[in-house]
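Residue-level listing of the chains:
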Amino acid sequence: VLEEGANEYGEEHPSTLVDMQNLSIYLQEQGKYEEAEPLLHKSVTIKVKVQGKETIDTLQSMNHLVNLPVLQCKFDKADEMSQETVDISMRVLGKEHKETMFSVLNRAVVPPHTGNSSEAKRLHKENLDICKK
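In this convention, every chain numbers its residues from 1, walking through the sequence in written order. Predicted model: local features are reported for residues with pLDDT of at least 70 only, side-chain atom pairs are reported and counted for 80 or more only, and whole-chain, interface and lining totals are derived from all residues. Where side-chain values are given, they derive from all heavy atoms of the structure, hydrogens and water being excluded.

Caption draft 1: Just helix 4 (residues 56-71), in detail. Secondary structure is summarised from DSSP: a helix means a run of H or I of at least four residues, a strand means a run of E of at least two, and numbering begins at the N terminus for each. To estimate the expected span of a helix, subtract one from its residue number and multiply by 1.5 Å. With 16 residues, helix 4 extends 23 Å from end C-alpha to end C-alpha; this agrees with the ideal 22 Å at 1.5 Å per step. When we look at burial in helix 4, the residues that qualify are Thr 58, Leu 59, Ser 61, Met 62, Asn 63, Leu 65, Val 66, Asn 67, Leu 68, Pro 69 and Val 70. Residues count as neighbours in contact if any of their non-hydrogen atoms are within 4.5 Å of one another. Where the residues of helix 4 are buried, they touch helix 2 (14-29), helix 3 (33-51), helix 5 (75-93) and helix 6 (98-109). Following helix 4 by one or two positions, Cys 73 adopts a phi angle in the positive range, close to 60 degrees. Throughout this description, buried means an accessible area under 20% of the type-specific maximum (1.4 Å probe, protein chains only), exposed means over 50%, and partly exposed covers the range between.

Structure follows, in structure tokens:
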């Protein structure tokens, strides 16, 4: 399906990118991280090139990409990626947007594994305070 979409519409077509991302998420759910990562990375790279980093669609894909190293317990790799996603989401969407909150939750998973439990607690508390509004 992915090859057909890429051949018919082109690699940068939104349908092809959705198929690429969906396949990578499916592979993640199957525990096939080594197969999922190149697909998702390619999808994000194309979205950044075509749409820029500051779109909801690109930010959602970046959040999915952050999940890969977290699922593999590669927290140092996830640390930098998750911070970038939070920074862009905060700046573009604002702290109360659901995609920003998702970015913050992704970010909060990382600090306890890199020795910074207080940062994780702070991030979770911020999100909870926003949810209570």
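Caption draft 2: Region of interest: the confidence of the model for the chain. When pLDDT is averaged along the chain, the result is 84, and 92% of the positions lie at 70 or above. Looking over the chain, one finds the lowest element-wise mean pLDDT in helix 1 (residues 2-9), namely 58, and the highest in helix 3, namely 93. Each residue carries a pLDDT score, the predictor's confidence in it, ranging from 0 to 100.

Caption draft 3: Spotlight on the side chain of Ser 61. Along the chain, Ser 61 turns up in helix 4. When neighbours within four sequence positions are excluded, Ser 61 is seen to be in contact with Gln 21, Leu 40, Val 44 and Lys 47.

Caption draft 4: Main features of the pattern of salt bridges. By salt bridge we mean one thing: a side-chain nitrogen of Lys or Arg within 4 Å of a carboxyl oxygen of Asp or Glu. The tally for this structure, following the rule as stated, stands at 7 salt bridges. One salt bridge in this structure joins Lys 53 and Glu 84, with 2.3 Å as the shortest N-O distance. Of the two residues, Lys 53 is situated in the loop between helix 3 and helix 4 and Glu 84 in helix 5; the sequence distance between them amounts to 31 residues. Exposure remark for Lys 53: the relative accessible area of 34% places this residue in the partly exposed category. The class of Glu 84 is partly exposed, set by a relative accessible area of 32%.

Caption draft 5: Focus on the environment of Val 110. Here Val 110 lies in the loop between helix 6 and helix 7 (117-132). The buried category is assigned to Val 110, whose relative accessible area is 0%. Sequence separation of Val 110 and Gln 83 is 27 residues, and the distance between their C-alpha atoms is 9.8 Å. In this structure Val 110 touches Val 70, Phe 75, Ala 78, Asp 79 and Ser 82, once residues within four positions along its chain are discounted.

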